[in-house]
Amino acid sequence: DMTTQSRRPRVLYFTKVLPYPPAVAGDAVYSRGLIETWATFADVTVVCADGGARVEDAADGVTWVVTTAQRRGRAASVLSTFPLIAWKGARRDYRREAKRHLRSDTWDAVVLDNIGSAHLLRDALRHRRRHQDTTVLYTSHEWEYPTRAGKYQGYDMSLPKRVMARWDLAKVKYWENRLIRRTDVVTVINEADLRPFRAIAPQRKYLVLSPGYDGPMTPRRTIDATTPRRIALLGGRRSEQKQQVLLDWFSVAYERLDKHGIEMAVVGDVPESLKRRVVTEYPNVDVVGFVDDLESVISGFRAGLIVDTVGSGFKLRLLSQIFQRLPIVGLESAISGLPTPPGDGYLAAESLDALATLVCAVIDDPALLDAVQNRAFDDCRSAFSWDDRARSLTAALDPSDETALS
């Protein structure tokens, strides 16, 4: 039996936006994976805002309820009791659809996906009071409070904006703690989040739910002296934080790598303003932009860099690199949740400065980089099955089944 129950569970899933392109950020990709795979084991109804995708392009087998787009801007969120990320989604029609589905039906699970769904916590708990067999899940995407604190510290802000940021951060902490304390099951994307979450709510049931991977796989690849001395920085750069991360890396490393004749390329969705700045200030960086077929360009690189100084959770581009055989070289603090050891399955340094030194040291050791990508692929080959995540989620709805829960 594929489930722990005699019938398919009925799941009401609240997420921020319809998680299909142009919504390509890591949180949308993770949500899409959870929804699509769970729909093979359960009857899933998703309430989400319009994110620019066509509902016709969304997965079959899921009931999609799509409301108007999220709010824009920031200033008005100051007057809300919700943090900016939840205020954006708490539009009248989204809340109306959410309440209608909570009132009109009974559900085995109500899922609050991401802290962006915090505005529905009270409604989900009200539903649980009426239907005590309902499990309320909070699917966390990272430990939000320190991540956002790091983001706000990294921005150059005026005093009024800094005051607004601190107020938003206080709301993030309050609602994140409530989501962890009041729901029945909390999923964590990374085992490292278990310790701080348990400090907030020791009695909560936790489920480690790292992302699955169903993208392209490169069966074999050899990195040798004929592979160009090029390094890739993968990932979209639409958010302010991700742009700052990139610029921070170039400010520390560009001159040194350029002097060593090491080429760097930015591969992913890049706004025109950022592209102009990079091309002007760092002329030997190749801003490739978005590519449909990542596999076809990866063969032209010796390694891929992870330079994120802000953010926790689990970086989905790690899996793209592992399964398309691009060796991971990055910041120690930015690489976690992988079942492969540092030094063998990836190479890591403690700071951007040390990372620049590491890149210069390993770029002319193609045999080492080849061994690293092979070890990572072999160690991770069977560790990221989406089906396993769906089985764990389904088992978590059965109070008598403690096997999946931490």
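Residues numbered from 1 in each chain as written. Predicted model: local features only at pLDDT ≥ 70, side-chain atom pairs only at ≥ 80, totals over all residues. Heavy atoms only, no water.

Trainee: Explain a positive patch on the surface to me, please; I cannot follow it from the model alone.
Mentor: A cluster of like positive charges, contributed by Lys99, Arg103, Arg129, Arg130 and Arg182, occupies part of the molecular surface. When contributions to the positive patch are tallied by element, the ones reaching two or more residues are α3 (92-104) and α4 (121-130). Relative to the elements of secondary structure, Arg130 occurs in helix α4. Arg130 gets classed as partly exposed once you look at its relative accessible area, which sits at 46%. (Patch = residues over 30% accessible without salt bridge, like charges linked within 9 Å, V, L, I, M, F, W, Y side chains within 5 Å. Areas by Shrake-Rupley, 256 points an atom, 1.4 Å probe, with all protein chains shown as cover. Salt bridge = Lys/Arg side-chain N within 4 Å of Asp/Glu carboxyl O. Lys, Arg positive; Asp, Glu negative; His and termini not counted. Charge placed at Lys NZ, Arg CZ, Asp CG, Glu CD. Helix = DSSP H or I, 4+ residues; strand = E, 2+ residues; numbered from the N terminus. Buried < 20%, exposed > 50% of the residue type's maximum accessible area, 1.4 Å probe, protein only.)

Trainee: Help me out: how do you make sense of the packing of aromatic side chains in this one?
Mentor: Two measures describe an aromatic ring pair: the distance that separates the ring centres and the angle between the ring planes. Tallied over the full model, the rule gives eleven aromatic pairs. A ring pair is formed by Tyr30 and Trp386, whose centres lie 6.4 Å apart and whose planes are at 40 degrees; its orientation type is tilted. One end of the pair, Tyr30, is in helix α1 (residues 26-38); the other, Trp386, is in helix α14 (residues 386-396), and 356 residues separate them in sequence. You'll find Tyr30 and Trp386 in the same group, each marked buried. Relative to Tyr206, the ring of Phe197 lies with its centre 6.4 Å away and its plane at 55 degrees, an arrangement referred to as tilted. Here Phe197 matches Tyr206 in class, with each residue buried. Here the aromatic cluster, defined as three or more aromatic residues joined through ring pairs, consists of Tyr213, Phe314, Phe323, Phe377 and Phe384. The ring of Tyr145 has Lys173 sitting right over it, with the charged end atom 4.9 Å from the ring centre. (Phe/Tyr/Trp six-rings, centres within 6.5 Å; stacked < 30°, edge-to-face > 60°. Lys NZ or Arg CZ within 6 Å of the ring centre and 35° of its normal.)

Trainee: How do you make sense of the environment of Asn374 when you look at a structure like this?
Mentor: Mapped onto the fold, Asn374 is located in helix α13 (residues 366-380). Along the backbone, Asn374 and Arg220 are 154 residues apart, and their C-alpha atoms lie at a distance of 8.4 Å.

Trainee: Is there a simple way to explain the pattern of salt bridges in this structure?
Mentor: Pairing between side chains becomes possible if they bear opposite charge and their charged atoms approach one another. Under the defined criterion, the tally for this structure stands at 24 salt bridges. The salt bridge partner of Arg128 is Asp184, with a shortest N-O separation of 2.8 Å. Here Asp184 lies in the loop between α6 (159-182) and β6 (185-188) and Arg128 lies in helix α4, a separation of 56 residues in the sequence. With a relative accessible area of 25%, Asp184 lands in the partly exposed category. Among the ionic pairs, Asp286 bridges to Arg230, the shortest N-O distance being 3.7 Å. A residue pair is termed long-range when its members are at least 10 positions apart, and Asp286 in strand β10 (residues 285-289) and Arg230 in strand β8 (residues 230-234) qualify at 56 residues. On the accessibility criterion, Asp286 (33% relative accessible area) is partly exposed.

Trainee: Could you clarify how one ought to interpret unusual backbone geometry in this entry?
Mentor: Excluding glycine, most residues fall at negative phi; most peptide bonds, likewise, are trans. Each neighbour pair has its own omega, and for Pro21 with Pro22 the value is 15 degrees, a cis peptide bond. At Asn114, a position not held by glycine, the phi torsion is positive, near 75 degrees. The class for Asn114 is buried, based on a relative accessible area of 3%. In this model, Arg325 sits at a positive phi of 60 degrees, which is unusual for a non-glycine residue. The residue Arg325 is located in the loop between α11 (317-323) and β12 (328-331) in this model.

Trainee: Please explain the sheet that holds strand β9 (residues 263-267) as it appears in this structure.
Mentor: The pairing of strands in a sheet happens through backbone hydrogen bonds and is either parallel or antiparallel. Spatial strand order, β10-β9-β8-β11-β12-β13: six strands in an open sheet with parallel pairing. In this open sheet, the two strands that pair with only one neighbour each are β10 and β13 (347-349). Going across the sheet, the axis of each strand differs from the next one's by a mean of 25 degrees, ignoring polarity. Alignment of strand β11 (residues 303-306) against β12, held across three bridges, turns out to be parallel. Pairing of Gly304 across the sheet is with Ile328, part of β12. (Pairing = 2+ DSSP bridges. Axes fitted to C-alpha atoms, helices over the stretch in contact; angles between N-to-C directions.)

Trainee: How do you make sense of the packing of α1 against α14 when you look at a structure like this?
Mentor: Two quantities define a packed helix pair, namely the angle between the helix axes and the distance between the axes. In contact at an axis separation of 9 Å, α1 and α14 are set at 70 degrees when each is read in the N-to-C sense. In terms of orientation, α1 lies roughly perpendicular with respect to α14. Along its contact with α1, which presents Tyr30, Gly33, Leu34, Thr37 and Trp38, the element α14 presents Trp386, Asp387, Ala390, Leu393 and Thr394. Across the contact of α1 with α14, the residue classes tally to six nonpolar, three polar and one charged. (Parallel < 35°, antiparallel > 145°, perpendicular 65-115°, else oblique. Contact = heavy atoms within 4.5 Å. Nonpolar A, V, L, I, M, F, W, Y, C, P; charged D, E, K, R; others polar.)

Trainee: I would appreciate a short explanation of the nonpolar core in the present structure.
Mentor: Counting residues in each nonpolar core, the largest one holds 84 residues, and the members touching the most others are Trp38, Val44, Trp64, Trp249, Phe250 and Leu338. Setting aside anything within four residues of it in sequence, one finds Leu338 in contact with Phe314, Leu318, Leu319, Ile322, Ile328, Tyr346 and Phe384. Residues Leu12, Val17, Ala28 and Val47 belong to the second largest nonpolar core, which totals 36 residues. (Core = buried A, V, L, I, M, F, W, Y, C linked by side-chain atoms within 4.5 Å.)

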